[in-house]
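Descriptive analysis of the structure
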Amino acid sequence: MRYAKRGPLRFTSHRDFARAIERAIHRANVPIAYSQGFTPHPKISFASAAPTGVASEAEYLELGLQARVDPEELRSALDSALSPGLDVLDVVEAAALGSLADRIEASRWRVELPEVPTPDLERAVEAFRAAPEVLVERLTKQGRRSLDCRAAVLNITVISPPDGVPDAPYAILDLVVRQVTPTVRPDDVLSGLRVVADLVQPVPPRATRLAQGSLNAAGEIVDPLDADREASSVER
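Note that this is a predicted model, so its numbers are computed, not measured. (Residues numbered from 1 in each chain as written. Predicted model: local features only at pLDDT ≥ 70, side-chain atom pairs only at ≥ 80, totals over all residues. Heavy atoms only, no water.)

What follows is about the overall build of the chain. Check the secondary structure of the chain and you find 5 helices and 11 strands. Across its three principal directions, the C-alpha atoms of the chain cover 55 × 40 × 35 Å. Partitioning the intrachain contacts of the chain with sequence separation of at least 6 by distance along the chain shows that 71% fall at a separation of at least 24. Entry remark: accessible area of the chain is about 12,900 Å², with carbon and sulfur atoms responsible for 49%. For the chain, the separation between the mean place of its 28 positive charges and that of its 34 negative charges on side chains is 6 Å. (Helix = DSSP H or I, 4+ residues; strand = E, 2+ residues; numbered from the N terminus. Contact = heavy atoms within 4.5 Å. Areas by Shrake-Rupley, 256 points an atom, 1.4 Å probe, with all protein chains shown as cover. Lys, Arg positive; Asp, Glu negative; His and termini not counted. Charge placed at Lys NZ, Arg CZ, Asp CG, Glu CD.)

What follows is the structure in structure tokens.
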């Protein structure tokens, strides 16, 4: 299942969304399957959830059901049971092709930077590309941790703002980041641009995940649900 986090709902934490999807499943009378044992849990598995505060058009999860249902009917029922801004976009019946998480190798992001001049961002991106490594620090539960954000970035480019944006400085960054451990997030890359080029961000950026999936030979991201669709069409 692919879902989106949009508008103010991008501030929904992963834990809050997990509770919301469980309530939506019950309201929509979805025949959810449960784990065995003394404390059964609904069979819901999330794949690489976006950080709190980040919008996304490409979040994924798996549901284990007790009975077969029509994918489009399930999508419509769950979408209606969730708040606007938490939107179910696509549902397919899973084929025996391994876990969904194993098909996610990279993410594509759009990062909007208000009040940052596009030439300043272009110079910072050139410096970032030229650097063999870019070390940044992140605060974790175990304290500060250093990581190389350069190694995970497969592509980083500056794109033109859309029509209708005022003449005030406004830059947009397009990123393709490989899934690594620890995960490299857009804010890590922005910290890296500050390290290599002292790029100043006067106001908070706005990041949106546009896609997740595997990488094809051309370096493009492939929707992880495509494999299930192809398997289903072969069976028919």
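Take the pattern of salt bridges next. Under the counting rule described, the total for this entry stands at 15 salt bridges. Across the pair Arg6 and Glu57 runs a salt bridge, and its minimum N-O distance is 2.8 Å. Of the two residues, Arg6 sits in the loop between strand 1 (2-5) and helix 1 (14-27) while Glu57 sits in strand 3 (residues 55-63), which places them 51 residues apart along the sequence. Each of Asp90, Asp223, Asp226 and Arg229 takes part in salt bridges that share partners, so that together they form one network. (Salt bridge = Lys/Arg side-chain N within 4 Å of Asp/Glu carboxyl O.)

This next bit is on the side chain of Asp188. Along the chain, Asp188 falls in helix 4 (residues 186-197). A distance of 2.3 Å separates polar atoms of two side chains, one belonging to Asp188 and the other to Arg138. Beyond its immediate stretch of four places on either side in the chain, Asp188 contacts Val136, Arg138, Cys149 and Thr183. (Polar contact = N/O pair within 3.5 Å; in protein donor to acceptor, adjacent residues only side chain to side chain.)

Take the pairing of strand 5 (residues 106-114) next. Pairing between strand 5 and strand 9 (residues 170-178): 9 bridges, direction antiparallel. Residue pairing for strand 9: Ser107 is matched across the bridge by Val177. The pairing of strand 5 with strand 10 (residues 206-215) spans 7 bridges and is classified as antiparallel. Paired with Val111 across the two strands is Ala207, which belongs to strand 10. (Pairing = 2+ DSSP bridges.)

Time to look at helix 2 (residues 71-81). Here helix 2 has its buried residues at Leu74, Arg75, Leu78 and Ala81. Projected down its long axis, helix 2 shows its buried positions confined to an angular sector of 140°, all on one face. Among the exposed residues of helix 2, those oriented more than 90 degrees off its buried face are Glu73 and Ser80. Along its buried surface, helix 2 packs onto helix 1, strand 3 and strand 4 (86-90). (Buried < 20%, exposed > 50% of the residue type's maximum accessible area, 1.4 Å probe, protein only. Arc of directions from axis to C-beta.)

Such coordinate-based values are descriptive only and should not be taken to indicate function.
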